[in-house]
Structure formats: C-alpha cells, structure tokens
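Single-letter residue listing:
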Amino acid sequence: MRKVIGIGETVFDIIFKASQPIGAFPGGSTFNCLISLGRCGLDTTMISEAGNDRVGKMTIDFLKQNGVRTDYVNVFSESKSPISLAFLDEKNDADYLFYKDHPHDQLDFSFPDIQPDDIVIFGSYYSINPVIRPQVAGLLEHARLHGAIIYYDVNFRPVHKDEVMRITPNLLENLEYADIVRGSIEDFKVLYNMNDAYKVYQSEISFYCKKFVYTQGSAPVKLFAENGFQKQYPIENSTPVSTIGAGDNFNAGLLYGLIRYGITRDMLQQGLSEDQWDLVIACAQRFSAESCKSLFNYVSTEFGAKMKAELA
C-alpha cells in the first residue's frame, strides 16, 4: 500500500464560541490531515514533536488510536505541549491565538521508509521555521530522491506576517520541492497582499510549481496546471458547525483521491486530464465538507470507514 508521511507540529486546540470553551482536542494542520486519512485506512506516519506532559501523551495516544504511526514523534524532556485557542465567529469561522513553550525547536529523526509514489505532506510555519529548516529540507530532498509525490500546504497565518521577508527563501524552496501546492486566499493576502488567484499563480507560483489549488472558503476552488489549464469548482451550500479543519481535510481528501484513483508521480509530471482532476478535487471537497459538520478537526470515524470500503 502507498504511504502518506506528514511532517508538522502538534497543538492542543481549545475552541470557544461566544467567549465560552465548547471543545478541546489534539490538532495541527498536518496532524488533522493524517488523522482523517488514518480513519480511512491509509498507511500514515507523523513526523513531529510533542510536549513531555499530559497533553503530549494524549496527542500521541490519539494518533495511535486512529492508525497513524508515531515512531517519528519526538518527546523532549523539558518541553510543554503547544496550545491553540480558536474563537468561532457567527459564521463559525475561526480566529486563533497560539501559545508555545518549547525551549528548543530541535526536531530529531531518521528518515522513514519512502518508496516511489508515496506522498509527503508538509506546510504551515513549521515548514519554513529557520530553526528546524535543515531537518525539513532534508526530508523533502530524501522524498524527492525516492520518487515520492510532495504536497505543500502554504497555510501562512497572519501572526507571522512580520516575518515574510525572513522566511521567503525557505518558502520559495518549498515551492520548488512541491509537485502540488495548495493555498488559501488568506495565505496570499498575508504573503503578497494579493487576492486574485490567477495573478498569484502567474507571479508567485507557476515558475516553481505548475499545479496549484487555490481555496477561498465558501467561494469556488480554483485549479491551475500546466499548458494553461484552469478550472473552477463551486462549493456546495451548507451551514458549517466549524470550519477549523476545512483546509486540512481538503488536503486529506485530495491525497486520498490521488491514491484511490492510482495517480502516480509520473502521471502528475506528465499532466493530469480534466477528468482526473475532477475526481481528485471532488474527494477533497467531500472530505472538507464532512469535517465542517462537527467541532472536530477531522472526518468522522463513520465517514472514514465508508471511505476505507470505497478504497477496497
């Protein structure tokens, strides 16, 4: 079976509505994606770090319970688990505060087994953090040399807007490594003060990576690929319970689609047909919509079991 390997942070999300806490569970962008894929029966591995505390143990246990391998999750004796506060507005979109008390970012891992057409997903500030950049770049180089599909979720938060110039070299290197780039309208407003998908693709993405998926909340998903291909995919109208995991589960669905429909790295490099893109984006939207039906940051176990059956 093809594997999905993710690298990213773990955080403990506490969710507020009308100034009152209404839920608390482990999260993190790559983490949420892998939990959903683990629930769908895929072979998943998380590379990360967790605090040496009760929350860290809960996080690692949660990964294991959902079928995600934790051999590459570091626990440092002096570290506490990061906390995220998510405040839902009247549309159930979230605004965030992050609290981190790691005295050292010192990701330490050997490379996991990566075979041709496995998928490596990475992104967020974690992927461009200068302190752990050598380890992240080393994994990406290892993945590329071993023929994996590399998927980059930009996911650049406003809290880091003052660091744009400092992290730009790492961001550009990430774009070069990627076979597919996914970013949101919010990401590129913060990074480039741009909210036109075509302009973002032409001026900032296409030179480095030809395949670009641009999401914008309830507005249509926009896809750009080689040879001038572009297409819009409308979003089904619904009232979300929470949109916190929407982007992460869009990623999960897209990766599920690549595996379900047998799309290899060679096929990506040659260019997918419109029908192939339609199938993959439909999976992405399906996962994203499912995650918005609850407070949790991942698809339900029932949905996962259904997706697992469809893979068989």
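Let me begin by describing the structure that accompanies this report. (Residues numbered from 1 in each chain as written. Predicted model: local features only at pLDDT ≥ 70, side-chain atom pairs only at ≥ 80, totals over all residues. Heavy atoms only, no water.)

Here's the deal with a nonpolar patch on the surface
This is how the line gets drawn: Patch building starts from residues that exceed 30% relative accessible area and form no salt bridge, then joins like charges within 9 Å and nonpolar side chains (Val, Leu, Ile, Met, Phe, Trp, Tyr) within 5 Å. Only the protein chains shown count as cover for residues, and all accessible areas are computed by the Shrake-Rupley method using a 1.4 Å probe. Any carboxyl oxygen of Asp or Glu within 4 Å of a side-chain nitrogen of Lys or Arg constitutes a salt bridge here. Secondary structure elements follow DSSP: runs of H or I no shorter than four residues count as helices, runs of E no shorter than two count as strands, and numbering proceeds from the N terminus. Partly exposed describes any residue whose relative accessible area lies between the buried limit of under 20% and the exposed limit of over 50%, with all areas from a 1.4 Å probe on protein chains only and scaled to the type maximum.
Taken together, the side chains of Phe87, Leu97 and Tyr99 define a hydrophobic patch exposed on the protein surface, amounting to about 280 Å² of accessible area. By the element assignment, Leu97 lies in strand β7 (residues 94-99). Among the residues examined, Leu97 registers a relative accessible area of 40% and is labelled partly exposed.

Side note on the environment of Gln269
Test applied: We call two residues in contact when some of their heavy atoms are within 4.5 Å.
Along the chain, Gln269 falls in helix α8 (residues 265-270). Its relative accessible area of 45% is what places Gln269 among the partly exposed residues. Distance in space between the C-alpha atoms of Gln269 and Asp13 is 37 Å, their sequence separation being 256 residues. Contact partners of Gln269, with chain neighbours within four places excluded, come to Lys211 and Glu226.

Here's the deal with the sheet that holds strand β11 (residues 212-216)
Keep this limit in mind: At least two DSSP bridges between two strands are required for those strands to pair. Here the axes come from fitting lines to C-alpha atoms, over the contacting stretch only for helices, and the angles between their N-to-C directions go from 0 to 180 degrees.
Ordered in space as β5-β4-β1-β8-β9-β10-β11-β12-β13, the nine strands form an open sheet in which the pairing is mixed. Edge positions in the open sheet fall to β5 (68-75) and β13 (230-233), since each of these has one partner strand only. Strand-to-strand twist of the sheet, defined as the mean angle between neighbouring strand axes without regard to direction, takes the value 15 degrees. Strand direction decides the pairing type here: strand β4 (residues 43-50) and β5, joined by six bridges, are parallel. Opposite Ser48, over in β5, you have Val73 as the bridge partner. Each of β10 (180-184) and β11 is contacted by helix α5 (residues 185-192), which is oriented at about 85 degrees to β10, the strand it contacts most.

Quick look at the nonpolar core
Nonpolar side chains in soluble globular proteins generally cluster together in the buried interior. Stated precisely, the cut-off is as follows: The criterion is simple. A nonpolar core is a set of buried Ala, Val, Leu, Ile, Met, Phe, Trp, Tyr and Cys residues joined through side-chain atoms within 4.5 Å.
Val4, Leu37, Leu254, Leu255, Leu258 and Phe287 are the most contacted members of the largest nonpolar core, which totals 51 residues. For this core, the element with the most residues is helix α7 (residues 246-260), which contributes seven residues. Non-local contacts of Phe287, meaning those with residues more than four positions away in its chain, are made with Leu37, Cys40, Asn249, Ala252, Gly253, Tyr256, Val299, Phe303 and Met307. Listed in part, the 40 residues of the second largest apolar core include Val136, Leu175, Leu191 and Met194.

Section: the environment of Arg69
Here is the rule we go by: Residues adjacent in sequence count toward polar contacts only when both atoms are side-chain atoms; beyond that, a polar contact is any pair of N or O atoms within 3.5 Å, and within protein one must be able to donate a hydrogen and the other to accept it.
Tracing the backbone through its elements, the reader meets Arg69 in strand β5. Residue Arg69 is classed as partly exposed on the basis of its relative accessible area of 45%. Sequence separation of Arg69 and Thr44 is 25 residues, and the distance between their C-alpha atoms is 6.2 Å. For Arg69, the residues in contact, after removing those within four places along its chain, are Asp43, Thr44, Thr45 and Met46. One polar contact links Arg69 to Asp43, side chain to side chain, over a distance of 3.1 Å.

Let's talk about the sheet that holds β7
Strand order in the open sheet formed by four strands is β3-β2-β6-β7, with mixed pairing between adjacent strands. What marks the edges here is a single partner per strand, and that holds for β3 (20-27) and β7. Mean inter-strand twist for the sheet, computed between neighbouring axes without regard to direction, equals 20 degrees. For strand β6 (residues 83-88) and β7, the ladder comprises six bridges, and the chain directions are antiparallel. Bridging across to β7, Ile83 finds its partner in Tyr99.

Let's talk about the side chain of Ser184
Within the secondary structure, Ser184 is located in strand β10. If sequence neighbours within four positions are ignored, Ser184 has contacts with Tyr214 and Thr215.

Any functional reading would require information that these geometric values do not contain.
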